[in-house]
Amino acid sequence: MSAPPFWTRLSRVVILRAALALLFGYQVLRAAPQVDVATRFHIPVLPEALVATPPIAVALLVLRGLLAVAMFSGVRAVETTALSSFFLLHQLLSDRLDYHNNRYALALYGIAALPALWVHSTSTRQETAGPQRQDPTEVLLPVRLQCALIYLASGGSKLVDGDWRGGLVLAQRIGTFGGEAVRRGVPRGLIAFLGEPSVASLLAKGAIGIELSLALLVFVPFDGKQLWRRVRTSALLVGVLFHLTIEATAKVEGFSLLTLAAYLAFLPAHRDTSQQKSP
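Residues numbered from 1 in each chain as written. Predicted model: local features only at pLDDT ≥ 70, side-chain atom pairs only at ≥ 80, totals over all residues. Heavy atoms only, no water.

**As for the overall build of the chain**
A tally of helices and strands in the chain yields 14 helices and zero strands. Looking at the 279 residues of the chain, the share that counts as buried comes to 42%. Pairs at least 24 apart in sequence give 74% of the contacts found in the chain among residues at least 6 apart. In the form shown here, the chain has an accessible surface area of approximately 15,800 Å², with 68% of it arising from carbon and sulfur atoms. (Helix = DSSP H or I, 4+ residues; strand = E, 2+ residues; numbered from the N terminus. Buried < 20%, exposed > 50% of the residue type's maximum accessible area, 1.4 Å probe, protein only. Contact = heavy atoms within 4.5 Å. Areas by Shrake-Rupley, 256 points an atom, 1.4 Å probe, with all protein chains shown as cover.)

Encoded structure:
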């Protein structure tokens, strides 16, 4: 009786939790240098009484850093993830100037992962011997739904925006972040080619199509015909290439890592056949 390979035994929830923890920690490091200015000059959504003063804001950042470390280590994963998401939402609601879709998505993914984290932590405590059970696919449904909603909102908003649909916005972004992409090793000639109006228009339509198609991935069944497995695998590979391209040519603040980690929720759990009797 042989155990399945290590990567198939590694919990999807553990990897997702680690990625979330790294991104929550990154948000703490990003906010730390400007915490004093941000708390003194801000446009809050919350009532001013609920906005942290500079000393409290510093203390909250320290607490959030400790929560990220504990979350990465698996200490009280449910509680640390919930608090990290809550404090990030509080930061965004305390200053509209600091709002970013990627930061908001991180908080939502943290909340969506809570059922899976709870089931995983519960099953880990209950098991005292033998290999760890794989994460039930059903508890990762909120993560899949969150991913689909983000793709639907992103692709849908681009579709109804004539400038985005026509490639104007994408060409401007390539022009803005082209220098950063070149510094990362992307050929300058390729950046210039992608910034051409006709090419940018084609890329914009392709990006819209990819995002709206990936939003439908949540409806692809896990069981059944082999066709569904091929559709799922092909869609995820397209998504990986899509986000790696974005990461190489634009500044997306860790959103690619966040989305690729969420892709784990679209993979079926490994089925251990080692206990099946040999004929």
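Here the narrative resumes, following the displayed structure.
**What to know about the side chain of Ser94**
Note that Ser94 resides in helix α5 (residues 77-94). Side-chain polar atoms of Ser94 contact the backbone oxygen of His90, separated by 2.6 Å. With residues near it in sequence (within four places) discarded, Ser94 still touches His42, Ile43, Pro44, Leu46 and Val51. (Polar contact = N/O pair within 3.5 Å; in protein donor to acceptor, adjacent residues only side chain to side chain.)

**Quick word on the environment of Ala57**
Within the element layout of this structure, Ala57 appears in helix α4 (residues 54-73). Here Ala57 falls in the buried class, since its relative accessible area comes to 9%. Separated by 25 residues in the primary sequence, Ala57 and Ala32 have C-alpha atoms spaced 9.3 Å apart.

**Some words on the nonpolar core**
Leu20, Tyr109, Val143 and Leu258 are the most contacted members of the largest nonpolar core, which totals 44 residues. Setting aside residues up to four positions removed in sequence, Leu20 forms contacts with Met71, Leu106, Tyr109, Gly110, Ala113 and Leu258. Core analysis: the next-biggest nonpolar cluster, separate from the first, contains ten residues, Ile174, Val186, Leu194 and Val199 among them. (Core = buried A, V, L, I, M, F, W, Y, C linked by side-chain atoms within 4.5 Å.)

**Section: the pattern of salt bridges**
For the structure shown, the criterion picks out four salt bridges. Two residues, Arg76 and Glu79, come together in a salt bridge whose shortest N-O distance is 2.9 Å. Classification of Glu79 by relative accessible area gives partly exposed; the value is 36%. Of the charged contacts, one joins Asp98 and Arg103 as a salt bridge, the two residues approaching to 3.2 Å between their closest N and O atoms. Like Arg103, Asp98 is buried. Each of Arg30, Asp98 and Arg103 takes part in a single network of salt bridges with overlapping partners. (Salt bridge = Lys/Arg side-chain N within 4 Å of Asp/Glu carboxyl O.)

**With respect to the environment of Ala52**
For Ala52, the position within the fold is in the loop between α3 (35-40) and α4. Assessed through its relative accessible area of 12%, Ala52 is described here as buried. Residues Ala52 and His90, spaced 38 residues apart in sequence, show a C-alpha to C-alpha distance of 9.3 Å.

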